Amino acid sequence: MNKQLTKSWEKHLAVQFEQPYMSDLFAFLDARKAAGKTIYPADQNWFAAFNETPFDKVKVVILGQDPYHGAGQAHGLSFSVLPDQKIPPSLRNIYKELDSDLGLKAPAHGCLSAWAEAGVLLLNATMTVEEKKPGSHQGRGWEQFTDAAIKSLSEKREHLVFMLWGNFAQSKAELIDAERHLVLKTTHPSPFSAHRGFLGCRHFSKANDYLIANGNDPIDWSLIDEQSQLQLGL
């Protein structure tokens, strides 16, 4: 299978494709497709998070668990949906926090590609899922691959910001050198937990303050409107 990984990441992660777990993972995915199962996102978007945010351009990492499992939603970036899709509840709470923290009004779409291009790695720990079956591809090998990516960023880059929202994301803190990077933790933006810490966390301004303090440009967290997204073909 074509791993579809750009060179900036390939030199750090190529060794992972030589490991038995990756062969097993791709064999599993091929078998599920052969059985007629619909897998999200589409094959060409499995590595979109890496390909839209080159290794040396990463400034912030936002970690999700697995992709959206509804038709037409997932396109390879955590928490993001294609422009013509309804904004998911967790993303609505992310937009609420953006407004509260930075005064940025919510766009009419849920596509976060502009963040990816600005240096925000929107990474799902599990990078595929079956239609209407959340968590269906967990434990098949993706987590080893994305753990390797997090470790590589932690070891080979400096002064990154890792936003760990919810218990699952926070379990990845052990992969990150907290003396070398800023690790921000709070509850998940889901409606079930956002009011227990996420809303009011001010992670977006804290991230930018840290980046500036360490000589980096801040992230432009604003998002272009839906019409512009559609015109760009995103």
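Note that this is a predicted model, so its numbers are computed, not measured. (Residues numbered from 1 in each chain as written. Predicted model: local features only at pLDDT ≥ 70, side-chain atom pairs only at ≥ 80, totals over all residues. Heavy atoms only, no water.)

Section: the overall build of the protein
- Per the secondary structure count, the protein includes 9 helices and 6 strands.
- Counting across all 234 residues of the protein, residues that qualify as buried make up 51%.
- Considering only intrachain contacts with a sequence separation of at least 6, the fraction spanning at least 24 residues in the protein is 68%.
- When the 24 positive and 27 negative side-chain charges of the protein are each reduced to one mean point, those points stand 4 Å apart. (Helix = DSSP H or I, 4+ residues; strand = E, 2+ residues; numbered from the N terminus. Buried < 20%, exposed > 50% of the residue type's maximum accessible area, 1.4 Å probe, protein only. Contact = heavy atoms within 4.5 Å. Lys, Arg positive; Asp, Glu negative; His and termini not counted. Charge placed at Lys NZ, Arg CZ, Asp CG, Glu CD.)

Thoughts on the sheet that holds strand E6 (residues 182-186)
- Read across the sheet, 4 strands follow the order E3-E2-E5-E6 without closing on themselves; strand pairing throughout is parallel. Each edge of the sheet is formed by a strand with only one pairing partner; in this case those strands are strand E3 (120-124) and E6. Sheet twist, expressed as the mean angle between neighbouring strand axes with direction ignored, is 20°.
- Here strand E2 (residues 60-64) runs beside E3; their pairing, made up of 5 bridges, is parallel. (Pairing = 2+ DSSP bridges. Axes fitted to C-alpha atoms, helices over the stretch in contact; angles between N-to-C directions.)

Notes on the packing of aromatic side chains
- Applying the stated rule across the entire model yields 17 aromatic pairs.
- Look at Phe17 and Phe145: their rings are 5.4 Å apart centre to centre, the planes differ by 70°, and that puts the pair in the edge-to-face class. Placement of Phe17 in the loop between helix H1 (7-13) and helix H2 (20-34) and of Phe145 in helix H6 (residues 142-156) is noted, with a sequence separation of 128 residues between them. Across the pair, exposure class does not vary: Phe17 and Phe145 are buried alike. (Phe/Tyr/Trp six-rings, centres within 6.5 Å; stacked < 30°, edge-to-face > 60°.)

Focus on the layout of surface pockets
- Estimated volume of the largest pocket: approximately 480 Å³.
- Of all the secondary-structure elements, those providing two or more residues to the lining of the largest pocket are E2, helix H4 (89-102) and helix H7 (167-170).
- Broken down by element, the residue count for the lining of the largest pocket peaks at 3 residues, all from H7.
- Of the residues belonging to the lining of the largest pocket, the class tally is 12 nonpolar, 14 polar and 1 charged. (1 Å grid on protein atoms, 1.4 Å probe; cavity = no way out; pocket = protein on both sides within 12 Å on 5 of 7 lines; lining within 4 Å. Points joined across faces, edges and corners; volume = space filled by probe spheres on them. Nonpolar A, V, L, I, M, F, W, Y, C, P; charged D, E, K, R; others polar.)

Some remarks on the side chain of His109
- Position of His109 among the secondary structure elements: in the loop between H4 and helix H5 (113-118).
- Among the polar contacts made by the side chain of His109, one reaches the main-chain amide nitrogen of Cys111 at a distance of 3.0 Å. (Polar contact = N/O pair within 3.5 Å; in protein donor to acceptor, adjacent residues only side chain to side chain.)

Description of the pattern of salt bridges
- A full pass over the atoms with the stated rule returns 6 salt bridges.
- Here Lys105 and Asp99 are joined by a salt bridge, their closest N and O atoms 3.4 Å apart.
- You can call Lys105 exposed: its relative accessible area is 64%.
- Among the residues examined, Asp99 registers a relative accessible area of 28% and is labelled partly exposed.
- Linking Arg202 and Asp101 is a salt bridge whose minimum nitrogen-to-oxygen distance equals 3.3 Å. With Arg202 in the loop between E6 and helix H8 (203-213) and Asp101 in helix H4, this pair connects stretches of sequence that are 101 residues apart.
- The class of Arg202 is partly exposed, set by a relative accessible area of 43%. (Salt bridge = Lys/Arg side-chain N within 4 Å of Asp/Glu carboxyl O.)

Quick look at unusual backbone geometry
- In this model, Tyr40 is joined to Pro41 through a cis peptide bond whose omega is -10°.
- Inspection of the secondary structure puts Pro41 in the loop between strand E1 (39-40) and helix H3 (48-52).
- The phi angle at Phe79 is positive, at roughly 70°, despite the residue not being glycine.
- Within the fold, Phe79 resides in the loop between E2 and H4.
- Of note, the phi angle at Arg202 is positive, near 60°, even though the residue is not glycine.

Let's talk about the pairing of E3
- With 5 of its 5 residues buried, E3 lies for the most part within the structure.
- Along E3, one buried face is formed by Val120, Leu122 and Asn124 and the opposite face, lined by Leu121 and Leu123, is buried too.

Description of the packing of H2 against H6
- Where H2 meets H6, the axes come as close as 9 Å, and the angle between the chain directions of the two elements is 130°. The orientation of H2 relative to H6 falls into the category oblique. Counting all contacts with H2, which are made through Tyr21, Met22, Leu25, Phe26 and Leu29, the residues of H6 involved are Trp142, Gln144 and Phe145.
- In the contact of H2 with H6, the residues fall into 7 nonpolar, 1 polar and no charged. (Parallel < 35°, antiparallel > 145°, perpendicular 65-115°, else oblique.)

Functional significance is not addressed by these values, which are geometric in nature.
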